[in-house]
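Here are the chains, one letter per residue:
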Amino acid sequence: MSMRVKNNIHWVGKIDWELRKFHGDEYSTHKGSSYNSYLVREQKVALIDTVWGPYAKEFVDRLAAEIDLKKIDYIIASHAESDHSGALPELMRHIPDTPIYCTKNGVKSLTGMYHKDWNFRTVKTGDKLSLGDKELVFVEAPMLHWPDSMFSYLTGDAVLFSNDAFGQHYASESMFNDLVDQAELFQECLKYYANILTPFSPMVIRKINEVLGFKLPLDMILTSHGIIWRDKPAQIVEKYLQWADNYQENQITILYDTMWNSTRVMAEEIAAGIGEVDTEVTVKLYNLAKTDKNDAITEVFKSKAVLVGSPTINNGILVSVAALLEEMKGLKFKNKKAAAFGSYGWSGESVKVIARHLTESGFLVGDEGLRLTWAPDGESRKACREYGRTFAKT
Ligand code: FEO
């Protein structure tokens, strides 16, 4: 399947309706995804990116039905991650001498992954590649989200090929942002930003401001995952600027795991206490053993404060809580308040362990947390409510 995007630009990618896990098992894709590849047929022909390896043969067969592969003059490899470069080995079997344009880091990553001596042409910000009347202008975008990432801007059509940036894991036959469910679309965009781009937020702001500084007209943003931004493409750029600026909503999220319900009861009482003194704040509770990790992180991203709870087990914490704390360490959240809580029978280290992890991850931990022995009774429940009230006030 190919689809005209604008003038001589055709989408030739792959919609992956079945995908439910991405990056191995690391990222949940409840709505599938797409690997967007674009064929630009001006006087010269450029192919922007390919698709994930398992779809390589299908991709190349369909591309060959669209165009004689030998008529592809240039391949642009915006990013070496295999969801975009995975079909290169199959494609290069057919057209082994075709030049591949990428950044210096792109050569390193592509060579490291495929160990092929392809005809690489290294580009940097401001370099141009003429397609005839129009030209591609390259913009390096390191760490958005790999060192090799780059954007390409096509003059004349005023479209930006942004690769992963501004994308989302969202399978849709409609392909354009104005034709899909807006709530689903923005939820997937937010999840993508929260889980993948959060640690690179300062670079996101710098890169967007740099590109805006070029004062180029922008008619569309052609991402490498999900929909194409043709209706008010600036809206997703504005969202990125908001999300990159230590974004938070008026939300407190309570994340916990529990063995015999004591820590769950604590979580619920703390939530009730927060609600007693702050009727405006959104309070959400998630049992981490029963919650998708990426969805939990998206909620943390939206929160101004989080409380994390676990009972003590073998002097430590439950594995679902440990996994989330480890993941959050790498995401480098900023300006979020936090607290720890948990029940225990005898040794009771969990609260200290959680608080230490939260502090190391950059959360603002204001006290020693709340730990209670055995099953919460009336007094203990009151203590949890009071803790929630105090947390909400401070
Ligand atoms: Fe969609 Fe970073 O790959």
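Predicted, not measured: the structure shown is a model, and the values here were computed from it.

A separate point is unusual backbone geometry. Of note, the bond from L144 into H145 is cis; its omega dihedral lies within 30 degrees of zero at 10 degrees. Non-glycine residue N315 carries a positive phi angle of around 65 degrees. Following the sequence through the fold, N315 ends up in the loop between β19 (305-309) and α10 (319-331).

In total, this model carries 25 salt bridges according to the counting rule given. With a shortest N-O distance of 2.9 Å, R230 and D178 are connected by a salt bridge. Of this pair, R230 sits in the loop between β16 (220-223) and α7 (234-244) while D178 is found in the loop between β15 (159-163) and α5 (182-197), placing the two residues 52 residues apart along the sequence. Its salt-bridge partner being E269, residue R385 comes within 2.7 Å of it at the nearest N-O pair. Here E269 lies in helix α8 (residues 262-277) and R385 lies in helix α12 (residues 378-393), a separation of 116 residues in the sequence.

Okay, helix α6 (residues 201-213) next. For α6, with 13 residues, the first-to-last C-alpha span of 18 Å sits near the 18 Å given by 1.5 Å per residue. For α6, the secondary structure elements touched by its buried residues are β13 (135-140), β14 (150-154), α5 and α7.

This paragraph deals with the environment of A296. For A296, the location among the structural elements is in helix α9 (residues 293-302). Each C-alpha atom, one on A296 and one on K191, is 9.6 Å from the other, the two residues being 105 residues apart in sequence. Not counting chain neighbours up to four residues away, the residues in contact with A296 comprise L255, L288, T291 and L324.

Turning next to the nonpolar core. Among the nonpolar cores identified, the biggest contains 87 residues, and L63, I72 and Y240 are the most heavily contacted of them. Looking at this core, the element that brings in the most residues is α5, giving nine residues. Contacts of Y240, omitting those with residues within four sequence positions, involve D164, A165, F166, G167, Y192, Y193, L197, V204 and I208. Core analysis: the second largest hydrophobic core is formed by 27 residues, I76, L129, F138 and L222 among them.

Attention now goes to α10. The end-to-end C-alpha distance of α10, which contains 13 residues, comes to 19 Å, matching closely the 18 Å that a straight helix rising 1.5 Å per residue would cover. By the burial criterion, the buried members of α10 are S320, V321, L324, L325, E327, M328 and L331. Looking straight down α10, one finds its buried side chains confined to an arc of 165 degrees; they lie on one side. Positive backbone phi, at 55 degrees, marks K332, one or two positions downstream of α10.

Moving on to the sheet that holds strand β11 (residues 120-122). Spatial strand order, β1-β2-β7-β8-β9-β10-β11: seven strands in an open sheet with mixed pairing. Strands at the two margins of the open sheet, each flanked by one partner only, are β1 (3-6) and β11. Neighbour-to-neighbour, the strand axes of this sheet turn through a mean angle of 30 degrees, independent of strand direction. Of the strands in this sheet, β2 (9-11), β7 (38-41) and β8 (45-48) are in contact with helix α1 (residues 56-66), which crosses β7 at around 20 degrees.

Rules behind the numbers
- Residues numbered from 1 in each chain as written.
- Predicted model: local features only at pLDDT ≥ 70, side-chain atom pairs only at ≥ 80, totals over all residues.
- Heavy atoms only, no water.
- Helix = DSSP H or I, 4+ residues; strand = E, 2+ residues; numbered from the N terminus.
- Salt bridge = Lys/Arg side-chain N within 4 Å of Asp/Glu carboxyl O.
- Expected span 1.5 Å × (residues − 1).
- Contact = heavy atoms within 4.5 Å.
- Core = buried A, V, L, I, M, F, W, Y, C linked by side-chain atoms within 4.5 Å.
- Buried < 20%, exposed > 50% of the residue type's maximum accessible area, 1.4 Å probe, protein only.
- Arc of directions from axis to C-beta.
- Pairing = 2+ DSSP bridges.
- Axes fitted to C-alpha atoms, helices over the stretch in contact; angles between N-to-C directions.

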